[in-house]
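# A closer look at the structure
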Amino acid sequence: MAILALKSRPTEITPDADKSGAIELVRYVCAIGAMQTAAAIPRVVPITHCGPGCADKQYVNLTFYNGFQGSGYGGGPVVPSTNASQREVIFGGADRLRELIESSQLVLDADLFVVLTGCIPDLVGDDVGSVVRDFQKRGVPIVYAETGGFRGNNFTGHEAVTHAIIEQYLGPWDGVRERGTVNLWSLLPYQNTFWRGDLEEIKRLLEGIGLNVNVLFGPDSEGLSEWRNIPRAQFNLVLSPWLGLSTAELLARRYEQPYLHIPVVPIGARESGAFLRKVASFAGISVDVVEAFIAKEEKRYYNYIDGFTDFYSEYWWGLPARFAVIGDSAYNLALTKFLVTQLGLIPAKQIVTEDPPVEHREAIQAEFRAIDDDVSVDVEFVEDSYTIHQALRNADFGHKPPIIFGTTWERDLVKEMKGSLIEVGFPASYEVVLSRSYVGYRGALSLLERIYTTVVSHSA
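To keep things clear, this report deals only with the structure shown in the data block. (Residues numbered from 1 in each chain as written. Predicted model: local features only at pLDDT ≥ 70, side-chain atom pairs only at ≥ 80, totals over all residues. Heavy atoms only, no water.)

### So, a nonpolar patch on the surface
Condition: Patch definition: residues above 30% relative accessible area lacking any salt bridge, with like charges linked at up to 9 Å and the nonpolar side chains Val, Leu, Ile, Met, Phe, Trp and Tyr linked at up to 5 Å. Calculation of accessible area relied on Shrake-Rupley with a 1.4 Å probe; when residues are assessed, cover is drawn exclusively from the protein chains displayed. Any Lys or Arg side-chain nitrogen located within 4 Å of an Asp or Glu carboxyl oxygen qualifies as a salt bridge. Each helix corresponds to a stretch of at least 4 residues labelled H or I by DSSP, and each strand to a stretch of at least 2 residues labelled E; elements are numbered beginning at the N terminus.
A cluster of nonpolar residues, Val-89, Ile-90, Phe-91, Leu-123, Val-124 and Phe-150, forms a patch on the protein surface that exposes about 640 Å² of accessible area. At the level of secondary structure, the elements contributing two or more residues to the nonpolar patch comprise helix H3 (86-91) and helix H5 (119-124). Top element by residues in the nonpolar patch is H3. It accounts for three residues. For Ile-90, the position within the fold is in helix H3.

### Remarks on the pattern of salt bridges
So the rule is basically this: Per-residue accessibility, obtained with a 1.4 Å probe over protein chains only, is compared with the maximum for each type, and a residue is labelled buried under 20%, exposed over 50%, and partly exposed between these values.
For the structure on display, the rule yields 22 salt bridges. The shortest N-O distance in the salt bridge between Arg-151 and Asp-122 comes to 3.3 Å. Taken as a pair, Arg-151 in the loop between strand S4 (142-146) and helix H7 (154-168) and Asp-122 in helix H5 lie far apart in primary sequence, 29 residues in all. For the pair Arg-151 and Asp-122, one class covers both residues: buried. Here Arg-277 ties to Glu-291 by a salt bridge, and the two come within 2.8 Å at their closest N and O atoms.

### A closer look at the sheet that holds strand S8 (residues 259-262)
Applicable threshold: Pairs of strands are assigned from DSSP output, requiring at least two bridges between the strands. Working convention: axes come from line fits to C-alpha atoms, limited for helices to the stretch in contact. Angles between N-to-C directions cover 0 to 180 degrees. Residues are treated as being in contact if the distance between any of their heavy atoms lies within 4.5 Å.
The strand order across the open sheet built from four strands is S6-S5-S7-S8, with neighbouring strands paired in parallel fashion. Of all the strands in the sheet, the pair left with one neighbour each is strand S6 (212-214) and S8. Looking at each pair of strands side by side, their axes are set apart by 30° on average, direction ignored. Of the pairings in the sheet, the one linking strand S5 (residues 178-185) to S6 comprises three bridges and is parallel in character. Bridged to Thr-181 within S6 is Asn-212. On the sheet, helix H11 (residues 268-283) packs against S5, strand S7 (233-239) and S8 and is oriented at approximately 150° with respect to S7.

### What about the environment of Tyr-312?
Selection criterion: Whenever two N or O atoms come within 3.5 Å, that pair is a polar contact, provided that in protein one can donate a hydrogen and the other can accept it, and provided that, for residues adjacent in sequence, both atoms are side-chain atoms.
Mapped onto the elements of the fold, Tyr-312 is located in helix H12 (residues 287-314). With 140 residues separating them along the chain, Tyr-312 and Tyr-452 place their C-alpha atoms 9.1 Å apart. Excluding its chain neighbours within four sequence positions, the residues that come into contact with Tyr-312 are Leu-319, Leu-343, Leu-345 and Tyr-452. Separated by 3.2 Å, the side chain of Tyr-312 and the backbone oxygen of Leu-343 make a polar contact.

Structure, rendered in structure tokens:
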């Protein structure tokens with residue numbers, strides 16, 4: 001049963017740490033925003049049991065004003081909702097949900113339905129599990145996750161949905177593992193503006209060293225057939241500072257399936273090569289195969305970099321030297337690593353904004369402290385945009401205009417600071433994103449183009 005535990009908080013609340021008030025210009029959505037996690041799986045349709053407008057706000061914010069990604073086969077305006085109101089608050093909404101599931105089966109062609117709850121049914125205590133189990137007993141492909149907004153944000157909602165599918169849809173398994181097959185758990189669909197292109201690039205890299213990849217989400221996924229094959233895979237790969245870890249741990253308990261955790265999403269040749277060597281070592285892949293693929297990728301990568309150096313050496317005096325990254329821990333860590341180790345830029349302010357669970361924060365800080373052999377970075381965890389912008393105003397960017405990797409919320413601030421802005425996270429309302437990627441070998445080249453086109457255009 002997928003019920004989100006209330007989020008853990010520091011045991012001692014100091015006046016400085018007590019930030020329980022309103023959050024200005026928030027950078028994530030409610031837990032029920034995980035309806036787009038379900039919609040990111042081909043031919044899966046979410047059903048929301050929540051108040052009017054709840055699902056619409058998640059859809060508009062995540063999929064429209066964040067790269068104009070589109071809502072997918074079963075997401076956005078397609079999502080059926082009970083639109084729970086006063087009647088459901090007083091008398092309960094179980095009957096209304098049962099009626100909605102019956103109707104949805106008649107008009108929607110889906111391989112799996114995922115019921116997600118909002119604050120109203122979770123607060124009044126609707127027995128959603130009982131309703132859904134009645135349909136499961138009749139053979140209807142359906143699961144449920146309790147995702148009331150008071151339980152967390154869409155990151156924790158995402159974990160609840162993946163747990164729900166594993167626990168309620170996948171049965172027991174005691175077969176033989178498929179050597180060379182890996183399940184990939186990485187970026188949060190739709191919250192990460194570039195997740196489709198990024199997953200495509202990560203899959204391409206893993207296939208390049210001979211692995212079969214269950215990418216699970218997005219246009220490169222085979223849908224539920226991949227999810228049913230999860231227990232067969234040789235191992236799970238968690239490519240993120242913390243998101244996906246609880247899912248991998250669930251699979252380890254349920255199927256005794258090992259997992260490899262790599263916190264840094266690779267950007268550029270150095271990190272991509274290190275990433276592939278770690279994965280290959282864990283999977284038992286021949287060193288010759290891995291090194292041959294890396295050599296081929298690096299030949300192409302550095303051929304383009306060689307051309308770029310003409311620009312970089314000529315314009316060095318006008319390019320920013322210090323940078324800030326404001327965003328989710330996965331992209332923040334990956335970008336900081338790339339900008340420091342590959343471009344030699346100086347980190348001025350790093351702020352993680354998705355409110356990661358307390359138990360993972362020390363590990364995230366440790367990764368930033370070891371950005372490079374001789375570079376250590378202090379990272380802050382802040383959700384409120386007023387506080388973030390004050391921190392940026394007070395940061396030391398030297399005598400050159402800063403370059404800030406952030407979101408649409410930083411646009412006015414960057415104009416005030418006469419700097420340059422690269423929108424890399426939610427919300428990115430001035431980016432139209434189809435298959436663009438910023439990770440791996442090819443994504444790094446796109447990122448370089450984006451960074452320096454923005455900087456050069458700023459001087460026009």
